[in-house]
Amino acid sequence: MALRDIRIIGDPILTKRAEPVAAVDEEIVRLARDMVDTMYAAPGIGLAAPQVGVSKRLIVVDLSVGQNKDDLIVLADPEVIRQEGEATCEEGCLSVPDIREKVSRPSRVTVRGLDLEGRTVEVEGEDLLARALCHEIDHLDGILFVEKLSPLKRKLIRKKLKKNAASGPIL
Ligand code: ZN
């Protein structure tokens with residue numbers, strides 16, 4: 001088990017578009033395993049490679065946080081190929097500590113990507129799973145959920161983050 005440090009808002013890697021994985025090799029498999037361990041330890045229900053400092057298009061999602069083996073989704077080069085509906089719900093992010101805000105997302109998505117054997121797979125998600133998949137794919141495009149909020153909300157969050165940083169290290 002290898003845990004990696006989670007990058008926090010303000011780190012430039014979080015606003016950069018990540019590079020395609022293209023070929024799933026040993027390094028990608030190792031990175032995916034470390035990301036799963038890091039997600040479970042946090043704990044969180046999703047993590048994208050840029051959040052652990054690697055600018056590659058790789059995401060992990062597990063709504064059960066390790067409780068149900070079948071719930072783990074690992075996708076390289078994920079792409080939303082279908083989306084339906086809209087739902088507004090509170091969400092948070094391991095890279096934006098202590099902030100939870102309502103964000104609108106599709107209520108159902110189909111995502112195509114590569115599994116760890118390099119096979120093309122499609123994953124369908126509804127509600128929270130759709131939200132988690134979209135949130136993680138946004139990370140690969142350098143988008144944090146707070147950027148989807150109104151300018152006023154963003155200003156308040158910036159203030160709160162500064163205050164938190166001033167009162168001690170976030171990690
Ligand atoms: Zn996030």
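Residues numbered from 1 in each chain as written. Predicted model: local features only at pLDDT ≥ 70, side-chain atom pairs only at ≥ 80, totals over all residues. Heavy atoms only, no water.

A. Representation of the side chain of His 139. Examined against the element boundaries, His 139 turns out to sit in helix α2 (residues 127-140). If near-sequence neighbours (up to four positions away) are discounted, His 139 is found in contact with Lys 16, Ala 48, Pro 50, Gln 51, Cys 93 and Leu 144. (Helix = DSSP H or I, 4+ residues; strand = E, 2+ residues; numbered from the N terminus. Contact = heavy atoms within 4.5 Å.)

B. Main features of the environment of Thr 38. The residue Thr 38 is located in helix α1 (residues 26-41) in this model. Looking at Thr 38, the relative accessible area reads 4%, which means it is buried. Between the C-alpha atom of Thr 38 and that of Val 96, which follows or precedes it by 58 residues, the distance is 16 Å. Discounting chain neighbours no more than four positions away, the residues touching Thr 38 are Ala 2, Leu 3, Arg 4, Ile 6, Leu 47 and Val 52. There is a polar contact of 2.7 Å between the side chain of Thr 38 and the backbone oxygen of Asp 34. (Buried < 20%, exposed > 50% of the residue type's maximum accessible area, 1.4 Å probe, protein only. Polar contact = N/O pair within 3.5 Å; in protein donor to acceptor, adjacent residues only side chain to side chain.)

C. Expanded view of the coordination of the zinc ion. The zinc ion binds to the protein through Cys 93 (SG), His 135 (NE2) and His 139 (NE2); the donor distances cover 2.0 to 2.3 Å. Considered as a linear motif, the donors of the zinc ion on their single chain read C-x41-H-x3-H. One end of the pair, Cys 93, is in strand β4 (residues 87-93); the other, His 139, is in helix α2, with 46 residues separating them in the sequence. Each member of the pair, Cys 93 as well as His 139, carries the same accessibility label: buried. (Donors = N, O, S within 2.8 Å, 3.2 Å for Na, K, Ca; no water.)

D. The nonpolar core, seen in detail. Residues Leu 31, Met 35, Leu 47, Leu 58, Val 60 and Val 74 are the most contacted members of the largest nonpolar core, which totals 16 residues. Contributing elements (two or more residues each) for this core: α1, β2 (58-61) and β3 (73-84). In terms of residues, this core owes the most to one element, α1, which gives six residues. Excluding residues that lie within four positions of it along the chain, Val 60 makes contacts with Ala 32, Met 35, Val 36, Met 39, Ile 45, Gly 46, Leu 47, Ile 73, Val 74 and Glu 136. (Core = buried A, V, L, I, M, F, W, Y, C linked by side-chain atoms within 4.5 Å.)

E. Looking closely at the sheet that holds strand β7 (residues 120-126). Ordered by their spatial adjacency, five strands build an open sheet running β1-β2-β3-β6-β7, and the pairing between neighbours is antiparallel. Edge positions in the sheet fall to β1 (46-48) and β7, since each of these pairs with one other strand and no more. Averaged over all neighbouring strand pairs, the angle between strand axes comes to 35°, with direction disregarded. Relative to strand β6 (residues 108-114), β3 runs antiparallel, the two sharing six bridges. When the sheet's bridge partners are listed, Gln 83 is paired in β6 with Val 109. Together, β1, β2 and β3 form the strand contacts of α1, whose direction differs from that of β2 by roughly 35°. (Pairing = 2+ DSSP bridges. Axes fitted to C-alpha atoms, helices over the stretch in contact; angles between N-to-C directions.)

F. View of the environment of Ser 55. Here Ser 55 shows up in the loop between β1 and β2. Using a relative accessible area of 14% as the deciding quantity, one classes Ser 55 as buried. Taking C-alpha positions, Ser 55 is 16 Å from Val 36, a pair spaced 19 residues apart along the chain. Once you skip the residues sitting within four places of it in the chain, Ser 55 turns out to touch Ile 13, Lys 16, Arg 17, Ala 18 and Glu 19.

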